[in-house]
Every structure is written in C-alpha cells, then in structure tokens.
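An overview of the molecular structure
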Amino acid sequence: MLRLVVLGAAAGGGVPQWNCGCRVCQAARTEHPELRSTQASIAISADGDHWFLINASPDLRQQLIATPQLHPQAGKLRHSPISGVILTNGEIDAIAGLLSMREGWPFTIYAHPKVLSILEANGIFNVLSEKNVRRLPIEVDNTFEPNLPDGSPSGIEILSFAVPGKSAWYLEGEVHPSSKDSAGDTIGLRVRDKASGKYFYFLAACAAINDDLRSRLAGAPLIFFDGTVWRDDELIAAGLGNKTGQDMGHIAMSGDHGAIQSLAGLDIGRKIFLHINNSNPALLHASPEREIAERAGWQFPADGTEIVL
Ligand SMILES: [Zn+2]
C-alpha cells in the first residue's frame, strides 16, 4: 500500500504570494481562505511509519505542523518519521525547505548530481552536516529504493527520468556549478510500492510533452503534473511579470500543446495538477478555466489531501 499526502500544491510564492495583489491572491487573503495553498511537495510512505518527501518547499515547517503523520512519535524527545527527501529540481521552492530540517535528525537527500552540485556550491546547506544527512545521487533511467534510517529497504521503488525543463531560475546567466551537460536539471519520477505494484508519476515541472512521455504516462493509475500556468503568456498579460511559462520551463494547461490536450485519452486513472501558480485562473472554483480542466478529468488538490494507492 502506498500512502501519499499532498503537503502543498502551489508554485513558487504560494497562494497568496506575499507581494501579489492579483485576483487569486486577493481572494485567498479575504473572502476565500480555501484558496490558500503552500508550495508544492508531497510525502509518501509504504508502511505508514516512515515517510519520504518529494521536494522540500520553503513552507515545510508549516506543512509538517499541519500533517499528523509527520509529527514526532509520542514519548520520544527527538524523532521524525521523515527518512529522506527526494529532489526533482534545484528551484528554491523545491530545496529551501531543507534548511528547516537542520536540527540534527538523520535523513538522506536523493537528487540528480546536477542538483547535488547546487547544494554543494551553496555553503548554507552545510548546516545539514554530512554526519547526519547523507546526499546520494540519482541516476536517470535507473530505479533505486530509498532506505530507512536503520538501513532496511523502504519498500518503495523510484524510477527517475529526464523531463524537458530549465535550470533553476536563480542560475539564469550564471555558470552552473555542475560541469555536466544540460540533462538532469528537471527529472520526473515513477514511484512504485514494491509489495502491491501500485504506482504513480510525479512531474512538478515539465516544459513540453512529447510522444515518449505520453506513452510513459499512458495507463498510469495516478499522475501529479505541472499546473503552473493556464496559458503561456499569463503573467505578462496580467501585468504580473515579464516571463512566459516556457521561459520558466513550464508547459501551459491550455492550448493545443498544453497539458490538458496533450494528456487526453491516455487512460490515466487520476490526474492531479500540482505546482499551480497564483496567477492561474483555474484556481478560482467558479472560473471557466476550472470548468474546462475539471471536465477533462483534472483535479486540484487542497493542501493535506491524502491518497492511498
Ligand atoms: Zn497573485
């Protein structure tokens, strides 16, 4: 049995974003608190006792308070059910939460060597001492099974694969700390429970959907997919920024080459958008955009949503 908790569903900045007055952020601050959402991360477990995070958002502390499954075991002075963190990219909204895990509890970070090189190049992450916090490279197109703190297998098999994407935003125009080629900045994951064979896909960032990706996702019981923007030029059109979704490495939900159209008819059991930016009108429950997405079978999770596979 694979247990999942959506710790947060929002893109960078969350909903509402601290400095944003767009209609979604305004509504989330005032009459529609149900729109509030923390930055994207999910927790997974095969045994219900030991958990792994997929990405560690800057909202991690708040997310852990809100999630009883991730509280310290009763009666223990120091404890966390979190055995490891799997990183799918090096963006701030995927890695900054690691800094909230610095109080001496042992766990393992799993990431592509390119993302590990970003952690290494930023001395602030040395607060996670190597004595307690191991950093293990993820090899693309190979499976691995994260371990529990005592070294025993977790029962979770993870396959990583390259996804069209971009380097972390803050590295734009900078020399990437890794000397390797461009692959590895963004990866997708297939997460499988070894006992039951149940699995799901996780792609919080994806710039394009090609035939390879379509055939990979076909027939999956569950996918979490990049829902950053509704349309590519949404931030520019709303006067909120000067970048398109593509500039940021994110496919749009709508349009002929968007996620909804590209992933239609693939017999996917449950389709959930994740990493949804506050500029995205589909966040508004009564919007025509939301209706189109829901009619195509897509769901928008509230923070704290639990799923059992
Ligand atoms: Zn906003």
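Above this text sits the structure in question.
Re helix α8 (residues 288-295)
All of the buried residues in α8 are E289, R290 and A293. When α8 is viewed along its axis, its buried side chains cluster within an angular range of 100° and face the same direction. Structural note: α8 exposes P288 and R295 on the side pointing more than 90 degrees away from its buried face. If you follow the buried residues of α8, they end up packed against α7 (259-262), β12 (271-274) and β13 (298-299). At the C-terminal side of α8, G297 shows a positive phi close to 95°.

Quick notes on unusual backbone geometry
Where the residue is not glycine, phi is negative for most of them; where a peptide bond is considered, it is trans in most cases. Cis peptide bonds are those with omega within 30 degrees of zero, and the linkage from V15 to P16 qualifies with -5°. Inspection of the secondary structure assignment puts P16 in the loop between β1 (3-8) and α1 (23-29). Its identity is not glycine, yet N55 carries a phi of approximately 70°, on the positive side. Within the element layout of this structure, N55 appears in the loop between β3 (51-54) and α2 (60-65). With relative accessibility at 3%, the residue N55 sits in the buried group. Positive phi outside glycine occurs at D141, with the angle close to 70°. Summarising the element assignment, D141 is placed in the loop between β6 (133-137) and β7 (143-144). Classification of D141 by relative accessible area gives exposed; the value is 53%.

Observations regarding the nonpolar core
Ranked by internal contacts, the top residues of the largest apolar core, which has 36 residues, are L203, L217, I223, F225 and F273. If you list the elements that add at least two residues to this core, you get α1, β10 (199-203), α5 (211-217), β11 (223-226) and α7. If you tally residues by element for this core, the top one is α1, at 4 residues. Beyond its immediate sequence surroundings of up to four residues, F273 is in contact with F225, D226, G227, M253, A259, I260, A293, W298, Q299, F300 and P301. Within the second largest apolar cluster, 29 residues are counted, among which are I44, I54, F200 and F202.

Brief notes about the pattern of salt bridges
Following the criterion strictly, the structure yields 6 salt bridges and no others. Here R192 ties to E157 by a salt bridge, and the two come within 3.0 Å at their closest N and O atoms. Of this pair, R192 sits in strand β9 (residues 187-193) while E157 sits in strand β8 (residues 156-162), and the two are 35 residues apart along the sequence. A relative accessible area of 23% means that R192 is categorised as partly exposed. Accessibility expressed as a relative area gives 14% for E157, which makes it buried.

Things to note about the sheet that holds strand β5 (residues 107-111)
With mixed pairing, the 7 strands of this open sheet are ordered in space as β6-β5-β4-β3-β2-β1-β14. Of all the strands in the sheet, just β6 and β14 (306-308) have a single pairing partner and so form its edges. In this sheet, neighbouring strand axes are inclined to one another by 20° on average, regardless of whether the strands run parallel or antiparallel. When strand β4 (residues 82-86) meets β5, the two strands line up parallel, connected through 3 bridges.

Comments concerning the environment of D150
Mapped onto the secondary structure, D150 falls in the loop between β7 and β8. Relative accessible area serves as the criterion here: at 63%, D150 is assigned to the exposed category. Taking the C-alpha atoms as reference points, D150 and S83, 67 residues apart in sequence, are found 9.7 Å from one another. A distance of 2.6 Å separates a polar atom in the side chain of D150 from a polar atom in the side chain of S152.

Looking at helix α4 (residues 113-121)
For α4, the complete set of buried residues consists of K114, V115, L116, S117, I118 and L119. Tucked into the core, α4 has its buried residues touching α3 (92-95), β5 and β6.

Here we look at the packing of aromatic side chains
Following the criterion strictly, the structure yields 8 aromatic pairs and no others. Arranged with centres 3.9 Å apart and planes meeting at 10°, the rings of F273 and W298 form a pair that is stacked. One end of the pair, F273, is in strand β12; the other, W298, is in strand β13, and 25 residues separate them in sequence. Summarising the burial analysis for this pair, F273 and W298 share the class buried. An aromatic cluster is defined as three or more aromatic residues linked by ring pairs; in this entry it consists of F225, F273, W298 and F300. Across from the ring centre of F161, 3.9 Å away, lies the NZ or CZ of R216, which sits over that ring.

Definitions and limits used
The residue count restarts for each chain, going from 1 along the sequence in the order it is written. For a predicted model such as this one, the threshold for reporting local features is a pLDDT of at least 70, and the threshold for listing and counting side-chain atom pairs is 80 or more; totals across whole chains, interfaces and linings nevertheless cover every residue. Side-chain numbers here rest on the full set of heavy atoms in the structure, without hydrogens or water. Relative accessibility under 20% of the residue-type maximum defines a buried residue, over 50% an exposed one, and the middle range a partly exposed one, all with a 1.4 Å probe and only protein chains included. By the criteria applied, helices consist of DSSP H or I runs no shorter than four residues and strands consist of E runs no shorter than two, each listed in order from the N terminus. Arc definition: directions from the helix axis to the C-beta atoms. Any two residues whose heavy atoms approach within 4.5 Å are treated as being in contact. Residues grouped as a nonpolar core are buried Ala, Val, Leu, Ile, Met, Phe, Trp, Tyr and Cys residues, joined through side-chain atoms within 4.5 Å. When a carboxyl oxygen of Asp or Glu is within 4 Å of a side-chain nitrogen of Lys or Arg, the pair counts as a salt bridge. If DSSP finds at least two bridges between two strands, the strands pair. Every axis corresponds to a line fitted to the C-alpha atoms, with the helix fit spanning only the stretch in contact, and the corresponding angles, defined between N-to-C directions, vary from 0 to 180 degrees. Two N or O atoms count as a polar contact when they lie within 3.5 Å, although within protein this holds only if one can serve as hydrogen donor and the other as acceptor, and sequence-adjacent residues are included solely when both atoms are side-chain atoms. Classification of ring pairs rests on two measures: the distance between centres of Phe, Tyr or Trp rings, Trp counted by its six-membered ring, which must be within 6.5 Å, and the angle between planes, read as stacked under 30 degrees, edge-to-face over 60 and tilted in between. Only when the NZ of Lys or the CZ of Arg is both within 6 Å of the ring centre and within 35 degrees of the ring normal is a charge said to sit over the ring.

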